[in-house]
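If you want the building blocks of each chain, they are given just below.
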Amino acid sequence: MRLSQAYRASCLAPKPYPAPKPRLLHTAAWIRAAAVRPDTLDPEVDEVIKAIHATPTRLALTVTGGGVQAISWLLGVPGASRTVLDVQVPYSPTALKSLLGGQAFASASSPDSVAALSQAAFQRAASLTALGTPVAGLACSAALGTDRVRRGEDRVYIAAHGTGGRASFSLVLDKAAPRPRWAQDAVASRLLIHAAALSCGLPVPEGDLARRWLRLEPGDVLESGRPQPPPTLRQALQSLGRGEITSVEAGLGPVTAGAPRGGRLYLPGSFNPLHAGHTAMLQAAQSLCPQLEGCYELSTGNADKGLLLVEEVERRVRHFEEARLPVVLTQAPLYAQKARLFPGSVFVIGYDTAIRLLDPKYYGSREDMLLQLDRLGTSGCSFLVAGRLDTQTQQFMRPEDLAVPPQLKVWRRWWDRPPGHEAGVDRHTCPGTEDWGPSSKSGVGVDDGRLEAQCPGPDAVVMTEHASHPSHPPKRPFLTLPCHPQPLFRSIPESLFRADISSTQLRAQGAC
């Protein structure tokens, strides 16, 4: 077949090819023009970062809009694994809003937004470290030079929030200065390193020395907020009472306020006084859950007795400070509140507390009890129950004797998969869930005595046993991931814990 003349002409016509990419020589010339060598770091910056890595403070950073060079500087100096915990770079408005839990600001580069980012970074740093570890959250939010016409100033906001206190900086960059965007980012990065050094308790330059270290132009305007020292225990308790924060950590050194940590082993109590029975119970629980960090939890509010006075809380905390034991202070007297505050945690409780947890009269109805306990499970929480000796019958009350409803006897975590099954497999039916049916809503739905449960997310704990009813025939399970059984209530064996110490008797003897 002969090709048409027009087709042959189109094939022979020259095509516009894209311009060739810059050669390596051009890239090297650009680096030299930027006064940055690819194999070295500014000695001044290197010296400060080495000093930061030598401190015990752990850092979590969030940068948006600028300050990104500080990340490579921190990670490029040996010892970064001792300091840097986490780095977040939410560059789009959607990513920024997601990082702040849906909280939105009129401007991404503002003092309010950077303060919220530093607080979120502080809470993230606390969740990634052990109790008593000095941590700090650093955030940089900037609006730097761009390739479009943008009203407003080129500005940088930086905030630091940590166990050593708070600090904030604002910098307005002179637009008239012959400085490209990468140079503006270098200035923002130096200011972020400056704030990191301050959070680690290092001496930092001030005044003209600070401007010289930051490489500022004469027209740049730098303002430093008034540094706030770390709160005392009394100040933190007062903030807790006003509802400004949700937790206060004490007992191991500096007070950590407003950073609740989930995924721990908590022993709640009034601790009036702290005695050997408490420490023995937590030690026994830790032997059963060695992967979880143990801690005591004291609620300053009581559903029956009201709020404790600040002076009384300080007196009880002194017992933990003398024993060098960690304690978390909250205003969460109910276990449903504790579960929301500390998701994924295991609560160590006594036999009498477990009886009250399983008594419908404290909830209003049996259905409400099952609903609230389901919420505890869906937050990833469970209980370790210790028995006690009945002084009247001289019998040891075992947790196995508790009247646990059948709906609560077997719980399943859908992230626990048996050996041989890979994550993401969706054609293996959970053993024991053959009579499951989908529910119309997340959580538990009560309908004519039948209890259903729907898995609300990847960190869910779901019930697999429910009361039968003739009007609800068995259905195919909607959850088809393999999983392991995990009880909501587990027992501390008598061989690990058998203590009979009464706080009431100790108070009568004047031991507190």
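## As for the overall build of the chain
Then step 1. Secondary structure summary: the chain contains 15 helices and 23 strands in total.
Then step 2. By the burial criterion, 45% of the 512 residues in the chain qualify as buried.
Then step 3. Considering only contacts within the chain whose residues lie at least 6 apart along the sequence, 72% involve residues at least 24 apart.
Then step 4. Summed over all atoms, the accessible surface of the chain reaches about 27000 Å², with 54% contributed by carbon and sulfur.

## Considerations on the confidence of the model for the chain
Then step 1. Averaged over all residues, the pLDDT of the chain is 77; the fraction at 70 or higher stands at 74%.
Then step 2. Within the model, pLDDT remains below 50 along residues 15-38, and this stretch shows six contacts once partners closer than five positions in the same chain are excluded.
Then step 3. Low confidence marks residues 411-485, where pLDDT is under 50. Its contacts with residues over four positions away, or in another chain, come to 163 contacts.

## Here we look at the environment of Ala-197
Then step 1. Here Ala-197 shows up in helix H7 (residues 181-199).
Then step 2. Each C-alpha atom of the pair Ala-197 and Ala-51 lies 7.9 Å from the other, and the pair is 146 residues apart in sequence.
Then step 3. Ignoring anything within four residues of it in the chain, the contact list for Ala-197 reads Val-48, Ile-52, Leu-202 and Val-204.

## With respect to the pairing of strand E14 (residues 346-350)
Then step 1. In terms of burial, E14 is a largely internal element, five of the five residues being buried.
Then step 2. The side-chain alternation of E14 yields two buried faces, one formed by Val-346, Val-348 and Gly-350 and the other by Phe-347 and Ile-349.
Then step 3. Of the pairings in the sheet, the one linking strand E9 (residues 265-268) to E14 comprises two bridges and is parallel in character. Note that in E14 the partner of Leu-265 across the bridge is Val-346.
Then step 4. As paired strands, E14 and strand E15 (residues 382-386) are joined by five bridges and run parallel to one another. Bridged to Phe-347 within E15 is Phe-383.

## Digging into a nonpolar patch on the surface
Then step 1. On the surface, Val-68, Val-89 and Tyr-91 cluster together into a nonpolar patch covering about 270 Å² of accessible area.
Then step 2. Note on placement: Tyr-91 falls in the loop between strand E2 (84-88) and helix H5 (93-99).

## Some remarks on the packing of aromatic side chains
Then step 1. Under the counting rule described, the total for this entry stands at nine aromatic pairs.
Then step 2. Ring geometry for Tyr-296 versus Phe-320: centroids 5.4 Å apart, planes at 55°, classification tilted. Note that Tyr-296 is positioned in strand E10 (residues 294-299) and Phe-320 in helix H11 (residues 310-323), a separation of 24 residues in sequence. Of the two residues, Tyr-296 and Phe-320, both sit in the buried class.
Then step 3. If you follow Arg-190 out to its NZ or CZ, it ends over the ring of Trp-213, 5.1 Å from the centre.
Then step 4. Positioned above the aromatic ring of Tyr-335, the side-chain terminus of Lys-338 is 5.5 Å from the ring centre.

## Some thoughts on the sheet that holds strand E4 (residues 154-162)
Then step 1. Across the sheet, six strands lie side by side as E2-E1-E3-E4-E5-E6; this open sheet has mixed pairing. The two strands at the open ends of the sheet, each matched to only one other strand, are E2 and strand E6 (221-224). Sheet twist, expressed as the mean angle between neighbouring strand axes with direction ignored, is 10°.
Then step 2. Two strands pair when backbone bridges link them, and strand E1 (residues 58-64) and strand E3 (residues 135-143) are joined in this way by seven bridges, in the parallel orientation. Bridge pairing in E3 places Thr-64 opposite Ser-141.
Then step 3. Each of E1, E3, E4, strand E5 (165-173) and E6 is contacted by H7, which is oriented at about 165° to E5, the strand it contacts most.

## Thoughts on the pattern of salt bridges
If the charged atoms of two oppositely charged side chains come close together, the side chains can form a pair.
Then step 1. Throughout the structure, instances matching the rule amount to 16 salt bridges.
Then step 2. Note that Glu-44 and Arg-190 form a salt bridge whose closest N and O atoms lie 3.7 Å from each other. With Glu-44 in helix H3 (residues 43-53) and Arg-190 in helix H7, the pair connects residues that are 146 residues apart, well separated along the chain.
Then step 3. A salt bridge links Glu-314 to Arg-234, with the shortest nitrogen-to-oxygen separation between them at 2.7 Å. With Glu-314 in helix H11 and Arg-234 in helix H9 (residues 233-241), this pair connects stretches of sequence that are 80 residues apart.
Then step 4. Overall, Glu-314 belongs to the buried group, its relative accessible area being 15%.
Then step 5. A network of salt bridges, in which partner residues are shared, links Asp-42, Glu-44, Arg-190 and Arg-215.

## Here we look at unusual backbone geometry
Then step 1. A cis amide bond links Asn-272 with the next residue in sequence, Pro-273, at an omega value of 10°.
Then step 2. As for its position among the elements, Pro-273 is in the loop between E9 and helix H10 (276-288).
Then step 3. Of note, the phi angle at Arg-215 is positive, near 60°, even though the residue is not glycine.
Then step 4. One can find Arg-215 in the loop between helix H8 (207-214) and E6.
Then step 5. Overall, Arg-215 belongs to the partly exposed group, its relative accessible area being 45%.
Then step 6. For Arg-324, which is not a glycine, the phi torsion comes out positive at approximately 55°.
Then step 7. Mapped onto the elements of the fold, Arg-324 is located in the loop between H11 and strand E13 (327-330).

## Considering the sheet that holds E15
The pairing of strands in a sheet happens through backbone hydrogen bonds and is either parallel or antiparallel.
Then step 1. One open sheet accounts for eight strands, arranged E8-E7-E13-E10-E9-E14-E15-E23; its pairing is mixed. The two strands at the open ends of the sheet, each matched to only one other strand, are strand E8 (256-257) and strand E23 (489-492).
Then step 2. Its contacts with the sheet place H11 against strand E7 (248-250), E10 and E13, and it is angled at close to 160° to E13.

What counts and what doesn't
Numbers given to residues run from 1 along each chain, matching the order in which its sequence is written. Reporting of local features is limited, given that this is a predicted model, to residues whose pLDDT is at least 70; pairs of side-chain atoms are given and counted only at 80 or more, and all residues count toward the totals for whole chains, interfaces and linings. Processing note: side-chain calculations cover all non-hydrogen atoms of the structure and skip hydrogens and water entirely. Only runs of H or I of at least four residues qualify as helices and only runs of E of at least two qualify as strands under DSSP, and these elements are numbered from the N terminus. The buried label applies to any residue whose accessible area, calculated with a 1.4 Å probe on protein chains only, is under 20% of its type's maximum; exposed applies above 50%, and partly exposed to all values in between. The criterion used for residue contact is that any of the two residues' heavy atoms lie within 4.5 Å. Only the protein chains shown count as cover for residues, with accessible areas throughout obtained via the Shrake-Rupley method and a probe of 1.4 Å. pLDDT is a residue-level measure of predictor confidence that goes from 0 to 100. What makes two strands pair is DSSP finding at least two bridges between them. Without a salt bridge and with relative accessible area above 30%, a residue can belong to a patch; like charges are then joined within 9 Å and nonpolar side chains (Val, Leu, Ile, Met, Phe, Trp, Tyr) within 5 Å. A side-chain nitrogen of Lys or Arg and a carboxyl oxygen of Asp or Glu constitute a salt bridge if their distance falls within 4 Å. Any two of the Phe, Tyr and Trp rings considered here, Trp counted by its six-membered ring, make a pair once their centres fall within 6.5 Å; the pair's planes then place it as stacked at under 30 degrees, edge-to-face at over 60, or tilted in between. Whether a charge sits over a ring comes down to the Lys NZ or Arg CZ being within 6 Å of the ring centre and within 35 degrees of the ring normal. Angular values range over 0 to 180 degrees, each being the angle between N-to-C directions of two axes fitted as lines to C-alpha atoms, with helices fitted over their stretch in contact.

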